[in-house]
Structure formats: structure tokens, C-alpha cells
Amino acid sequence: MLNILPLLLIIFPVLSQLLLGSYSIYKSSSLKFSPISWINFLLQIIFSFAAFNIADYNLAKQYEPNPVRCGMPLVGMAVACFFFIFILIIIIVIQFLIKRWRAKRNTV
């Protein structure tokens, strides 16, 4: 489970933003778009640190008898974290523009 957990942790806020953000735009509910976006952004940062630490732990356990190990998997995990933060920001901006467009269209 610890092998797939870092990937799940960095994907969860993106999927949550897609589902809950779309739900808050298209349905009238108690869920507001702005808090959902901020919560998912903060979760993305927190889960990125947790995923990086879990990946580091996995690598340390894999190479336990030898203290010297390659750090390229950790670089890949860091790049994946930055990539998913970028994707999350793009999703939030697109959903915000859709929300603003729908609000303009409904007032006219």
C-alpha cells in the first residue's frame, strides 16, 4: 500500500476539486466554490509533503542495508507534485471562469 499511496495523495485534491468544484458551480448547495478551492489547494501542498516523505521512507526501506541510494525517484516525485499543483491551479481558474460566465449569463 505504501507504494501507491504517494500517487494517490497527490491526485486526491485534483479529483476533489473536479468533483466538488463542478458540483458547487452547477448545483445550488451549501458548498461554496471559494472555500472548496482553498481547501483543495492547501490539501495539495500538505499531501505533496506527505507523499514526498512516504516515497523517501519507501526508498530508505528498499535500500536499507546500503546507505547510498539514487535520488532520482525523489526528483520524479517532486516534479509530479509541482505538476499536480499546476494542474490544480488551472482547474480552479477554468472553473472560476465558468462560474463567472454562468453568473453573467443568468443576470442578463
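Predicted model, so just to flag it, every value in this text is computed and none were measured.

Points about the packing of helix H2 (residues 33–62) against helix H3 (residues 72–107)
For the pair H2 and H3, interaxial distance at closest approach is 10 Å and the crossing angle is 170 degrees. If you check the angle between H2 and H3, you find them roughly antiparallel.

Describing helix H1 (residues 5–26)
Look at H1: 31 Å from first C-alpha to last across 22 residues, which is about the 32 Å you get at 1.5 Å a residue. Residue Ile11 marks the point of greatest curvature in H1, where the axis turns by about 30 degrees; the proline Pro13 follows within four residues. Pro6, Leu9, Ile10, Pro13, Val14, Ser16, Gln17, Gly21, Ser24 and Ile25 are the residues of H1 that are buried.

Regarding the packing of aromatic side chains
Here the structure, examined in full by the defined rule, presents three aromatic pairs. Each ring, one from Trp38 and one from Phe41, has its centre 6.5 Å from the other, and the planes form 90 degrees; the classification is edge-to-face. On the criterion of helical spacing, the pair formed by Trp38 and Phe41 is a turn pair, its members being three residues apart in helix H2. Overall, the relative accessible area of 55% leaves Trp38 in the exposed class. Judged by its relative accessible area of 23%, Phe41 falls in the partly exposed class.

Definitions and limits used
Within each chain, residue numbers correspond to sequence positions counted from 1 in written order. Under the rules for a predicted model, residues below a pLDDT of 70 receive no local features and side-chain atom pairs below 80 are neither given nor counted, while totals for whole chains, interfaces and linings still include all residues. For the side-chain quantities, the full set of heavy atoms in the structure was used; hydrogens and water were omitted. Every axis in this analysis is a line fitted to C-alpha atoms, fitted for helices over the stretch in contact. Angles between the N-to-C directions lie between 0 and 180 degrees. Working definition: helices are DSSP H or I runs of at least four residues, strands are E runs of at least two. Numbering for both runs from the N terminus. An angle below 35 degrees is read as roughly parallel, one above 145 as roughly antiparallel, one from 65 to 115 as roughly perpendicular, and any other as oblique. Between the first and last residue of a helix there are one fewer steps than residues, each counted as 1.5 Å, and that sum is the expected span. Bend, in this description, refers to the angle at a residue between axes fitted to the seven residues ending there and the seven starting there. Partly exposed residues are those whose accessible area sits between 20% and 50% of the maximum for their type, while under 20% is buried and over 50% is exposed, using a 1.4 Å probe and protein chains only. Pairing of aromatic rings covers Phe, Tyr and the six-membered ring of Trp, with a centre-to-centre limit of 6.5 Å; geometry is then stacked below 30 degrees between planes, edge-to-face above 60, and tilted otherwise.

Function-wise, these values are silent; they only describe arrangement.
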